[in-house]
Amino acid sequence: MLEKLMEITKNHHELFKYSIPLIASENVTSYAVRRFYLSDFGHRYAEGWIGKRFYQGCKYMDELEAFAVELTKKLFGCEHANVQPISGVTANLAAFFALTNPGDTIISVSVPDGGHISHDRFSAAGVRGLKVEHYPFDVDNMNIDVDATKRKVEKMDEKPKVFVLGASLFLFPHPVKELVEVAHEVGARVMYDGSHVLGLIAGKEFQDPIKEGADVVTASTHKTFPGPQRAVIMCKKELAKKIDHGVFPGVVSNHHIHSLAGYAMACIEMLEFGRDYARQIVRNAKALAEELYNLGYNVLCPHLEFTKSHQVAVDVSDFGGGDYVAKKLESCGIILNKNLLPWDDVKNADNPSGIRIGVQEVTRLGMKEDEMREIARFIDMALKDKKPIKDIKNEIKEFKSNFLTVKYTFEECPAYEFPKVV
Ligand SMILES: *Cc1c(COP(=O)(O)O)cnc(C)c1O
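Residues numbered from 1 in each chain as written. Predicted model: local features only at pLDDT ≥ 70, side-chain atom pairs only at ≥ 80, totals over all residues. Heavy atoms only, no water.

### Digging into the pattern of salt bridges
What counts here: Should a side-chain nitrogen of Lys or Arg be within 4 Å of a carboxyl oxygen of Asp or Glu, the pair is scored as a salt bridge. For the purposes of this entry, the term helix denotes a DSSP run of H or I that reaches at least four residues, the term strand denotes a run of E that reaches at least two, and both are numbered from the N terminus. When accessible area is computed with a 1.4 Å probe and restricted to protein chains, residues below 20% of their type maximum are described as buried, those above 50% as exposed, and intermediate ones as partly exposed.
Evaluation of the coordinates by the stated rule reveals 26 salt bridges. Across the pair Lys-59 and Glu-63 runs a salt bridge, and its minimum N-O distance is 3.6 Å. Separated by 4 residues within a single helix, Lys-59 and Glu-63 lie in helix α3 (residues 59–76), roughly one turn from each other. Note on Glu-63: relative accessible area 46%, which makes it partly exposed. Asp-120 is paired through a salt bridge with Arg-121; the nearest N and O atoms lie 4.0 Å apart. A relative accessible area of 48% places Arg-121 in the partly exposed class. Each of Arg-189, Asp-215, Lys-236 and Glu-238 takes part in salt bridges that share partners, so that together they form one network.

Right, dumping it as structure tokens:
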């Protein structure tokens, strides 16, 4: 039985070792982060708030959580931070718990326009019993239409209590300042979900939602931010108590202290290396998009230089659709996902017209613009059947063999080995 478990795990590590990982919501952590993940913190409970726990033995967990809050404030310049949510959806649910009552209305980006499921009624917003309206969307610019939103909000009998910003298909900064004005005029709060772009915000390569006036920022810590899988909520001081109670006892009891220690380590890495890392991510995304465009692909938003984030979106309906393309690329060793685009019906989620590409993980492995152009050519080779799949797979394996180390950390380390602890 042990052999089976070892085999499954080793096979998984090899799959990623020999592939080009382009899922926009994933990353690899450094050994520095992973070491804390293995600490005794992972065996303990720290129920409650810093300095006010329900069990004994929490002295150092209190110190750890306070330190993680301090690092978060330093990195993002927020007034208050709660570092307890165990995932992005949990953070959003906690924020909805704090900012709304069941039956209230919120407004968010729809899923085909790039919004996350947790902003909608069939997920976290629905769990809180919220009604959900969607922003009018400017498809050409892949962004929220501010003027049409103003008109929509004016006409609404029941004004939204929360304006949710941020998305999962997130190419360009959202109009935070403009919508903060609209929201505050109707007594609503602005909640910016920075799950995808937290690492870019930390590296000062994307908009700064806090400076732009968002009341609450929620975010996963494992997408562009290279930490363990969990989340943070940042907010204005006046909302601190509500948010803290929304998280505990709202949606967590224990909150996985080992990954909190890993998160603190990732903050330290980002304070040191975040600027270089984030800058290279955006450069890489643009280079990949441009090369795909030059190869004839329908990359979204050429008039806006394709992207200002880690993501690139491509309409591949001429190549069999997102589902076919994602599976074909997987067979060649390129891992990415199909994605709804604004012109897709949400009921067509099984075969939408798009794919979404994220370059944060390959950037962390040290790839630069030249490698992005090479990846575009691999994608092209696969989709235009220029070579047998087996040959493409071998070429990708060879290409990847030079990029198996995690950079932007204090001591570079293997990315895809299954480390032996004892
Ligand atoms: C990924 C994502 C989430 C969910 O995060 P988890 O950590 O997977 O729960 C929430 N919001 C947005 C915008 C996301 O992209």
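### Comments concerning the domain arrangement of the protein
Filter applied, for reference: What marks off one domain from the next here is an automatic or database domain assignment. Using a 1.4 Å probe, buried area is obtained as the accessible area two parts lose upon being combined, added over both of them. Here a polar contact is recorded for every N or O atom pair within 3.5 Å, except that within protein the pair must consist of a potential hydrogen donor and a potential acceptor, and residues adjacent in sequence are included only if both atoms are side-chain atoms. Ten residue types, Ala, Val, Leu, Ile, Met, Phe, Trp, Tyr, Cys and Pro, are classed as nonpolar, four, Asp, Glu, Lys and Arg, as charged, and the remainder, Gly among them, as polar.
Its domain assignment divides the protein into domain 1 (31–267) and domain 2 (274–414). A C-alpha centroid distance of 27 Å is found between domain 1 and domain 2. Buried area between domain 1 and domain 2, both sides added, is near 2,400 Å², and the carbon and sulfur share of it is 68%. For the domain 1 face of the interface with domain 2, the top three residues by lost area are Pro-112, Leu-171 and Phe-172, together amounting to 23%. At the boundary of domain 1 with domain 2, the tally comes to 0 salt bridges. Remark: the boundary between domain 1 and domain 2 carries 12 residue pairs in polar contact (both at pLDDT 80 or more). Every element with two or more residues in the side of domain 1 that touches domain 2 is listed here: α2 (31–37) and α8 (198–202). Across the side of domain 1 that touches domain 2, the residue classes break down as 17 nonpolar, 6 polar and 6 charged.

### Topic: the packing of aromatic side chains
As a reminder, the rule being used: Two aromatic rings from Phe, Tyr or Trp, using only the six-membered ring of Trp, form a pair when their centres are within 6.5 Å; if the ring planes differ by under 30 degrees the pair is stacked, by over 60 it is edge-to-face, and anything between is tilted.
Under the counting rule described, the total for this entry stands at 14 aromatic pairs. Pairing Tyr-45 with Tyr-55 gives two aromatic rings, centres 5.7 Å apart and planes at 40 degrees, and the pair type is tilted. Here Tyr-55 lies in the loop between β3 (52–53) and α3 and Tyr-45 lies in the loop between α2 and β2 (48–49), a separation of 10 residues in the sequence. For Tyr-45, a relative accessible area of 40% puts it in the partly exposed group. The exposure class assigned to Tyr-55 is partly exposed, which follows from its relative accessible area of 41%. Judged by centre distance (5.2 Å) and plane angle (80 degrees), the ring pair of Trp-49 and Phe-248 falls under edge-to-face.

### Overview of a nonpolar patch on the surface
Here is the rule: By definition, no residue in a patch forms a salt bridge, and every one has over 30% relative accessible area; like charges are joined within 9 Å, nonpolar side chains (Val, Leu, Ile, Met, Phe, Trp, Tyr) within 5 Å. All accessibility values rest on the Shrake-Rupley procedure with a 1.4 Å probe; residue burial counts only the protein chains present in the view.
A cluster of nonpolar side chains, Leu-2, Met-6 and Phe-418, forms an exposed patch at the surface whose accessible area comes to about 280 Å². Structurally, Met-6 is set in helix α1 (residues 2–17).

### Notes on the site of the ligand
What counts here: Whether a residue is near a molecule or strand is decided by its heavy atoms; if any one of them lies within 4 Å of it, the residue is near.
As a matter of local geometry, the ligand sits amid 13 residues, with Gly-88, Val-89, Ser-168, Asp-193 and Lys-223 nearest to it. Between Asp-193 and the ligand, the recorded distance is 2.5 Å, taken from a side-chain N or O atom to a nitrogen atom. His-222 is positioned such that a nitrogen or oxygen atom in its side chain is 3.4 Å from an oxygen atom of the ligand. The protein chains hide 86% of the 380 Å² of surface that the ligand would expose on its own. Tallied by class, residues from the shell around the ligand come to 2 nonpolar, 9 polar and 2 charged.

### Some details on the UniProt feature "binding site: (6S)-5,6,7,8-tetrahydrofolate" (unreviewed entry) in the protein
Stated precisely, the cut-off is as follows: UniProt positions are given in the numbering used here, feature names are shortened, and annotations may be inferred rather than shown by experiment. Any residue with an atom within 4 Å of a point lines the site, the site being either a cavity, points on a 1 Å grid over the protein atoms alone where a 1.4 Å probe fits but cannot get out, or a pocket, an open set with protein on both sides within 12 Å along at least 5 of 7 lines. The criterion used for residue contact is that any of the two residues' heavy atoms lie within 4.5 Å.
UniProt tags Gly-115, His-116 and Ile-117 as "binding site: (6S)-5,6,7,8-tetrahydrofolate" (unreviewed entry). Here, the second largest pocket is lined by Gly-115, His-116 and Ile-117 out of the annotated residues. For Gly-115, the position within the fold is in the loop between β5 (105–108) and α5 (124–127). Gly-115 has contacts with Val-109, Ser-110, Ala-167 and Ser-168, leaving out every residue within four places of it along the chain. Residue position: Ile-117 is located in the loop between β5 and α5.

### Digging into the packing of helix α13 (residues 369–383) against helix α14 (residues 389–400)
Rules: Comment: axis = line fitted to C-alpha atoms, over the contacting stretch for helices; angle = value between 0 and 180 degrees taken between N-to-C directions. Just so you know how the angles are binned, under 35 degrees is roughly parallel, over 145 roughly antiparallel, 65 to 115 roughly perpendicular, and the rest oblique. Helix crossings fall into two classes, left-handed where the near helix is turned counterclockwise from the far one by less than a right angle and right-handed where it is turned clockwise.
It is the contact of α13 with α14, at a shortest axis distance of 11 Å, that shows an interaxial angle of 165 degrees. Overall, the two elements α13 and α14 adopt an arrangement that is roughly antiparallel. As for how α13 packs across α14, the hand of that crossing is left-handed. On α14, the residues touching Glu-371, Glu-374, Ile-375, Phe-378, Met-381 and Ala-382 of α13 are Ile-392, Glu-395, Ile-396 and Phe-399. Along the lines of polarity and charge, the residues of the contact of α13 with α14 split into 7 nonpolar, no polar and 3 charged.

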